[in-house]
Amino acid sequence: MTPSKRPYRHNREPRIDIARVGEAGTILALAAPGFSVPDLNAAASAAERSGYKLKVASSARALVSGRTETGEEMNFVVDTGFEDVSADEGAGLVLPGGRRAVDALNDSNAALRLLQDMFASGRPIFAAGESLAMLAEVSGKETGDADAALALNGEVFAASGETARDDVAKVFAESLQTQASEAA
């Protein structure tokens, strides 16, 4: 049996092709200090596998710190401020959770405006954890006891359970691809 004909032993996600990241477009992320790194990583990784690059908008200047599930702090490069980005710049939006981060986002008129504009555009929005309350407020749709949700074309689809974040991230990436192919 030749190496190329061997069946895969593991059901893994395809690797991210760094050379293709950005070819499909840009997704935006609203990240305030204290955001949930796993939430951001789930959505960004799924989108990057589909050729999208991530643009981080924050109130922080150069770096914004987030928290892992174990409480460790990780820093991410800030690409733009909340006031300097518009919904037209992104094919989709990532709204990670984190209590402190969501409180800061709720205090920012520019961040709320961006979320409202993205929802009104019908483009995909990934929300997880505490950010679900923001999505519910902007959309007027309840998310119940969900752990993650996808807003798309004026509707909100919520999921709960252990794999909710990853499941919604996968559908978020598929939604980006679908909308891009429909626009072409």
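Located above this text is the structure these notes cover.
**Q** Report on the sheet that holds strand S8 (residues 125–128), specifying residues and quantitative values.
**A** Strands sit in the order S6-S3-S1-S7-S8-S9-S10 across an open sheet of 7 strands; the sheet is mixed. Edge positions in the sheet fall to strand S6 (80–81) and strand S10 (155–159), since each of these pairs with one other strand and no more. Both strand S3 (residues 52–58) and S6 contribute to a ladder of 2 bridges, which runs parallel. From the neighbouring strand, serine 58 faces S6, where its bridge partner is glycine 81. Lying over the sheet, helix H3 (residues 109–121) contacts strand S1 (25–30), strand S7 (92–95), S8, strand S9 (148–152) and S10, oriented at roughly 135 degrees with respect to S7.

**Q** I'd love a proper account of the sheet that holds strand S2 (residues 35–36), names of residues and values included.
**A** The strand order across the open sheet built from 3 strands is S2-S4-S5, with neighbouring strands paired in mixed fashion. Either end of the sheet is taken by a strand with one partner, and the two such strands are S2 and strand S5 (73–77). As paired strands, S2 and strand S4 (residues 63–67) are joined by 2 bridges and run parallel to one another. What sits directly across from serine 36, in S4, is arginine 67.

**Q** Tell me about the side chain of threonine 68, and please be specific about residues and values.
**A** With respect to the helices and strands, threonine 68 occurs in the loop between S4 and S5. A relative accessible area of 19% places threonine 68 in the buried class. Dropping the residues within four chain positions of it, threonine 68 is found in contact with Val37, Pro38 and Met74.

**Q** Tell me about helix H2 (residues 99–106), and please be specific about residues and values.
**A** Inspection of H2 places Ala101, Val102 and Leu105 among the buried residues, and these make up the whole buried set. One side of H2 holds all its buried residues, which, seen down the axis, span an arc of 95 degrees.

**Q** Go over the pairing of S7 with me, naming the residues and quoting the values.
**A** Judged by which residues are buried, S7 turns out to be covered on both faces: Gly92 and Val94 on one side and Leu93 and Leu95 on the other are all buried. Sheet topology note: the S1/S7 ladder contains 3 bridges and is parallel. Among the inter-strand pairings, alanine 29 is bridged to a residue of S7, identified as valine 94. Pairing of S7 with S8, which is carried by 3 bridges, proceeds in the parallel orientation.

**Q** Any details on the side chain of serine 36? Residues and values, ideally.
**A** As for its position among the elements, serine 36 is in strand S2. Judged by relative accessible area, which is 14%, serine 36 ranks as buried.

**Q** Outline the packing of helix H1 (residues 37–49) against helix H5 (residues 164–183), listing residues and values.
**A** Two numbers describe how H1 lies on H5: the axes approach to 8 Å, and their chain directions differ by 35 degrees. As for how H1 packs across H5, the hand of that crossing is right-handed. Every residue of H5 that contacts H1 at Pro38, Asp39, Ala42, Ala43, Ala46 and Ala47 is listed here: Arg165, Asp166, Ala169, Lys170, Phe172, Ala173 and Leu176. For the contact of H1 with H5, a count of residues per class yields 9 nonpolar, no polar and 4 charged.

**Q** Go over the packing of H3 against helix H4 (residues 132–139) with me, naming the residues and quoting the values.
**A** Where H3 contacts H4, the two axes come as close as 10 Å, and the packing angle between them is 60 degrees. The orientation of H3 with respect to H4, classified from their angle, is oblique. Of the two elements, H3 crosses H4, and the hand of that crossing is right-handed. Contacts between H3 and H4 involve Leu112, Leu115, Gln116 and Phe119 on the former and, on the latter, Met134, Leu135, Val138 and Ser139. Residue composition of the contact of H3 with H4, by class: 6 nonpolar, 2 polar and no charged.

Calculation rules
Residues numbered from 1 in each chain as written. Predicted model: local features only at pLDDT ≥ 70, side-chain atom pairs only at ≥ 80, totals over all residues. Heavy atoms only, no water. Pairing = 2+ DSSP bridges. Helix = DSSP H or I, 4+ residues; strand = E, 2+ residues; numbered from the N terminus. Contact = heavy atoms within 4.5 Å. Axes fitted to C-alpha atoms, helices over the stretch in contact; angles between N-to-C directions. Buried < 20%, exposed > 50% of the residue type's maximum accessible area, 1.4 Å probe, protein only. Arc of directions from axis to C-beta. Left-handed = near helix turned anticlockwise from the far one by under 90°. Nonpolar A, V, L, I, M, F, W, Y, C, P; charged D, E, K, R; others polar. Parallel < 35°, antiparallel > 145°, perpendicular 65-115°, else oblique.

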